[in-house]
Amino acid sequence: MVGLESRKQLADWKVMQRRGRRKILMAAKDPAARAKLIAEIASPSPVQLHISETDRASALATIPAFLVDGPARHPDPSDQQSDRQSDRQSERQPGEEGSFLTILPPEIRDMIYYHAVGYPTCRSLYDSYYDQKDKVRAKIELRPRSTNTRVARHPMIPLRTPTVLLLCKQITREALRILYLQPFVIDRIPPWLMGNTWPLNLSSFISKSTLQNLRFVQIKISLGDSDEFRVGRVWLRLLADVISAWSQHNSLVRLEVMFKLSNVAMPNLWDYELMDFDEITRVLKHFEFKHGSNPGLIRWEHWVLDMKYAYRVGYRNPLVRIHPDPYIWQGNIFEWL
């Protein structure tokens, strides 16, 4: 049964949709309102989870000391000789070659690490699955005498460490510190193979240890996409896999959950979707209470999707975004069917 509080939220979403439509209609008639709306709508550039300075400081406090200060050094008589060698390296002539660690200051190296390391998007993770499946099928076709013509329905996805983390200990130490301050965004359902009851698990694409070491995560949940399919049940399945890993151990500093709500005015559709919304909210709040590092671990965000427009819930004058804003529109549950 859907609770009274959830039905009030659904009524608020419908009100927000009407206010958003009224705002767009007014902008279509009034040039001043149109200019104000255009200035409000963000440019269609990639947007990441905003990390506050407080969250950043909390994340740095959870990073192991050897990633921040480097390995402890013990007094050694050869230190003076190594210091002299480092002085000679710093006095190199412009034409002489130097290493990455000696010719660039830490601030510049951090800027390079920021662009060199980062968590992959869900789209790139799932694309790698199809690339591997096509390679397996091609290998079978090249073996005419082989009797094994079946392609595995659940092939293991190869999980590889980025090359920059394999160069040397110091680069690994410096790059990991930057990597741990970047967010991982879950915005798509994993591939759903024909004939399978459920899509593949997210843990097939990203290892459990990586999930447990994430500091910042953003989950973008789409509800109401279809009147014939309960999208919320699939998201519950995905969250069960992720929360199972986090319940054993997690390093979360901030978890942002965004609900993207479509067709809120469609009759009968939200009788079921609202039940799934209640269950998703309950599961996440239970995880926050039992396994969260602090009571305010989860930050909630709700957007009402109305064709090519999206309205932010929680404002009397709703914020408006327009397609194809990548912060709102990444894909839907039917993308991998």
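The coordinates are above.
Residues numbered from 1 in each chain as written. Predicted model: local features only at pLDDT ≥ 70, side-chain atom pairs only at ≥ 80, totals over all residues. Heavy atoms only, no water.

### Description of the sheet that holds strand β6 (residues 320-322)
Working step 1: Taken together, 6 strands build an open sheet; the order of strands is β1-β2-β3-β4-β5-β6 and the sheet is mixed. Taken across any chain shown, the strands that pair with only one partner, and hence form the sheet edges, are β1 (183-186) and β6. Each strand axis lies, on average, 20° off the axis of its neighbour in the sheet, ignoring direction.
Working step 2: Where strand β2 (residues 216-223) lies against strand β3 (residues 254-262), 8 bridges are found, and the strand directions are parallel. Each residue of the ladder has a partner; that of L223, found in β3, is L261.
Working step 3: Here helix α11 (residues 231-248) sits on the sheet and contacts β1, β2 and β3; the angle it forms with β2, its principal contact strand, is near 160°.
Working step 4: Helix α12 (residues 269-291) contacts β2, β3 and β4 (298-306) of the sheet and is inclined by roughly 175° relative to β3. (Pairing = 2+ DSSP bridges. Helix = DSSP H or I, 4+ residues; strand = E, 2+ residues; numbered from the N terminus. Axes fitted to C-alpha atoms, helices over the stretch in contact; angles between N-to-C directions. Contact = heavy atoms within 4.5 Å.)

### Observations concerning the packing of helix α1 (residues 4-29) against α12
Working step 1: Relative orientation of the contacting elements α1 and α12 amounts to 115°, with a least axis distance of 10 Å. Crossing of α1 over α12 shows right-handed handedness. Residues S6, R7, Q9, L10 and W13 of α1 touch α12, and the partners they reach there are W270, D271, L274, F277 and D278.
Working step 2: When grouped by side-chain class, the residues that make up the contact of α1 with α12 number 5 nonpolar, 2 polar and 3 charged. (Left-handed = near helix turned anticlockwise from the far one by under 90°. Nonpolar A, V, L, I, M, F, W, Y, C, P; charged D, E, K, R; others polar.)

### A short note on the nonpolar core
Working step 1: With 68 residues, the main nonpolar core has W13, I186, I221, W235, L255 and W270 as its most contacted residues.
Working step 2: No other element matches α11, which puts 9 residues into this core.
Working step 3: In contact with L255, not counting residues within four places along its chain, are V217, I219, W246, F287, L297, I298 and R299.
Working step 4: M258, L305, A310 and Y327 belong to the second-largest nonpolar core, a separate cluster that totals 7 residues. (Core = buried A, V, L, I, M, F, W, Y, C linked by side-chain atoms within 4.5 Å. Buried < 20%, exposed > 50% of the residue type's maximum accessible area, 1.4 Å probe, protein only.)

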